[in-house]
Amino acid sequence: MSPKDDSKHDVYSFFADDPETADKEFFGRVANSDRRGFLKRTGLATMAAMVGTSIPFHRNIPIGFVPAAVAADNVLVGKDGLTLLNDRPVNAETPPELLDEAITPTSRHFVRNNGIPPTEVDPATWELTIDGFVDNPMTLTIADLRSQFEVVTMALTLECGGNGRGFFNPPAKGNQWTYGAVACSEWTGVRLKDVLEKAGVQSNVVYTAHTGADTHLSGKEGKLSLSRGVPIEKAMTDNILIAFEMNGAPLHPMNGAPLRLVVPGWPASTAQKWLKRIQLRDVVHDGPKMTGTAYRVPNRKVSAGEEVATEDFVIIERMPVKSLVTFPANNASIGLESEVRGHAWAGDRTVTKLEVSLDFGATWQTAELDAPVNSGAWQNWRTTAKFAKVGYYEIWARATDSDGVMQPFAIDWNPKGYLNNTMHRVGVRAS
Ligand SMILES: Nc1nc2c(c(=O)[nH]1)N[C@H]1C(S)=C(S)[C@@H](COP(=O)(O)O)O[C@H]1N2
Ligand SMILES: [Mo]
């Protein structure tokens, strides 16, 4: 089974087909009468970050322009080697071999947008409001967050609930993600828990409700594209950050600059980007993409293609145990003895075992597996593959979590194509 390819195209065809929209979405730049248009501060910073220095003649850059220095297939601005699945909204995933590092560089962190990101972003005046059922409603700038709370840096895994959707049969509607809607960058910020404690959580609170500054695809004023939340018990755990830095630098514009939530282990849709407000509610949040069948799965095993009544869907909470082979790449030619490595993660649990098969699942060898560097980080693993003869082999990896649950070879179908944690297979030629 392979994912559908028809919706994929690279950023250059996006610029070629619709340069004005492309410019607006990537750089926040709107055309004026002489087809040049003013690059706003964030747009200019994005472009400068791409080329690695300032651009003295930036005022002369025509609309619809991608700097030649970064021109290559399938590149998203400020992103390196991602596959663009969709351009409105922008959705891009990372090929597994580009996720090889323990900490995912910003340039390789996937992008999943439900709406249009804000373009007027000034970190100096950005405000976050905490309200709802709290004793002390607060509005905080990023400087307030930094000065009033402990600032921490943690490696945290974000995975889209729809990662792997492209492999469902019958196909599920939505982005046809393969393997790469997952990443583990290093995030710096303050603990959500500390901020909520200061706000004073009232006893009737059951759920959080997150709001960001992106706008709905329809452009309708005040209409949100996505507003999700988590149960208050989850919100009060130690590894959820309100983050203002990613890998030691300000957040990438597509990953939520200047402020976002990072919620490891749960569908990354709970990790609101361009974060403006966290409201505490006395009911389960019912914002866009919280209700109906969004980020929900049937409450029972269903057969492939079965119609499931909306009331039989439940909200996805923790993500299931999963792993990736990040070296070698699929289709690589390798030696008869080669290192094999990757990452594994298990929602709120830890991974206790990682096994690799080189013979289509007949036998398994146990890989060396690191503990997570902190709670919420993926775990790195490695082993040596030894092949007796030249030929085509497949490397299969399967992780087992701390509750003894192992990644399956195939998973039960669900209507929206969520939670695909089937084992990753990589084909290699050994010689
Ligand atoms: N404001 C806002 N936050 C958002 C989204 C969005 O569309 N708008 N998408 C969510 C989804 S579905 C995912 S998977 C993650 C993706 O984070 P990333 O784009 O930084 O990889 O952001 C989440 N936060
Ligand atoms: Mo997502």
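The model shown is predicted, which means the values in this text are computed figures rather than measured ones.

**A look at the nonpolar core**
Phase 1 of the analysis: Core analysis: the largest hydrophobic core is formed by 49 residues, its most contacted members being I130, L145, W187, V195, I242 and I278.
Phase 2 of the analysis: Examining the composition of this core, we find that five residues originate from one element, strand β9 (residues 241–246), more than from any other.
Phase 3 of the analysis: Setting aside residues up to four positions removed in sequence, I130 forms contacts with P137, M138, L140, V195, L196, A199 and I278.
Phase 4 of the analysis: By size, the runner-up hydrophobic cluster in this structure holds 22 residues, among which are V325, A344, V351 and Y393.

**Looking at the pattern of salt bridges**
Phase 1 of the analysis: Inspection of the entire model under this criterion finds 22 salt bridges.
Phase 2 of the analysis: Between R281 and D286 there is a salt bridge, and its shortest N-O distance comes to 2.6 Å.
Phase 3 of the analysis: A relative accessible area of 18% means that R281 is categorised as buried.
Phase 4 of the analysis: Salt bridges linked by common partners bring D80, E101 and R108 together as one network.

**Things to note about the environment of T129**
Phase 1 of the analysis: Its place among the elements puts T129 in strand β4 (residues 127–132).
Phase 2 of the analysis: Residue contacts for T129: discarding those within four places in its chain leaves M138, T139, K276, R277 and I278.

**Some thoughts on unusual backbone geometry**
Phase 1 of the analysis: Cis geometry is adopted by the peptide bond preceding P170, which originates at N169 and carries an omega value of 0 degrees.
Phase 2 of the analysis: Take P170: it is sitting in the loop between β6 (151–159) and β7 (182–191).
Phase 3 of the analysis: Here the amide bond leading from A257 into P258 is cis, since omega sits at 5 degrees, within 30 degrees of zero.
Phase 4 of the analysis: Note that P258 resides in the loop between β10 (249–250) and β11 (260–262).
Phase 5 of the analysis: The backbone phi angle of W274 is positive, close to 50 degrees, even though this residue is not glycine.
Phase 6 of the analysis: Here W274 shows up in the loop between β11 and β12 (275–281).

**Overview of the sheet that holds strand β1 (residues 83–87)**
Adjacent strands of a sheet form backbone hydrogen bonds with each other and so pair up, either parallel or antiparallel.
Phase 1 of the analysis: Strand order in the open sheet made by the three strands is β1-β2-β3, with antiparallel pairing throughout. The open sheet terminates on both sides in strands that have one partner only, identified here as β1 and β3 (111–112).
Phase 2 of the analysis: Two elements, strand β2 (residues 90–93) and β3, share two bridges in a ladder whose sense is antiparallel. The residue bridging A92 from the neighbouring strand is V111, located in β3.

**Quick look at the confidence of the model for the protein**
Phase 1 of the analysis: Averaged over the protein, the pLDDT score is 90; the fraction of residues at 70 or greater is 91%.
Phase 2 of the analysis: Contacts for the low-pLDDT stretch residues 1–9, under 50 throughout, to residues beyond four places or in other chains number 18 contacts.

**Observations regarding the site of ligand 1**
Phase 1 of the analysis: By nearness alone, 19 residues border ligand 1, and F110, N114, D214, R260 and K273 come closest of all.
Phase 2 of the analysis: The contact in question runs from an oxygen atom of ligand 1 to an N or O atom on the backbone of N114, over 2.7 Å.
Phase 3 of the analysis: Contact with the protein chains hides 100% of the accessible area of ligand 1, taken as 530 Å² for the molecule alone.

**As for the sheet that holds β12**
Phase 1 of the analysis: Spatially, the four strands line up as an open sheet ordered β5-β4-β12-β8, and their pairing is mixed. In this open sheet, the two strands that pair with only one neighbour each are β5 (138–141) and β8 (207–212). Sheet twist, expressed as the mean angle between neighbouring strand axes with direction ignored, is 15 degrees.
Phase 2 of the analysis: Bridging between β8 and β12 involves six bridges; their strand directions are antiparallel. Paired with H210 across the bridge in β12 is I278.
Phase 3 of the analysis: Helix-sheet contacts for helix α5 (residues 192–199) involve β4, β5 and β12, and the interaxial angle to β5 is about 140 degrees.

The rules we used
- Residues numbered from 1 in each chain as written.
- Chains lettered and ligands numbered in written order.
- Predicted model: local features only at pLDDT ≥ 70, side-chain atom pairs only at ≥ 80, totals over all residues.
- Heavy atoms only, no water.
- Core = buried A, V, L, I, M, F, W, Y, C linked by side-chain atoms within 4.5 Å.
- Buried < 20%, exposed > 50% of the residue type's maximum accessible area, 1.4 Å probe, protein only.
- Helix = DSSP H or I, 4+ residues; strand = E, 2+ residues; numbered from the N terminus.
- Contact = heavy atoms within 4.5 Å.
- Salt bridge = Lys/Arg side-chain N within 4 Å of Asp/Glu carboxyl O.
- Pairing = 2+ DSSP bridges.
- pLDDT = per-residue confidence, 0-100.
- Near = heavy atom within 4 Å.
- Polar contact = N/O pair within 3.5 Å; in protein donor to acceptor, adjacent residues only side chain to side chain.
- Areas by Shrake-Rupley, 256 points an atom, 1.4 Å probe, with all protein chains shown as cover.
- Axes fitted to C-alpha atoms, helices over the stretch in contact; angles between N-to-C directions.

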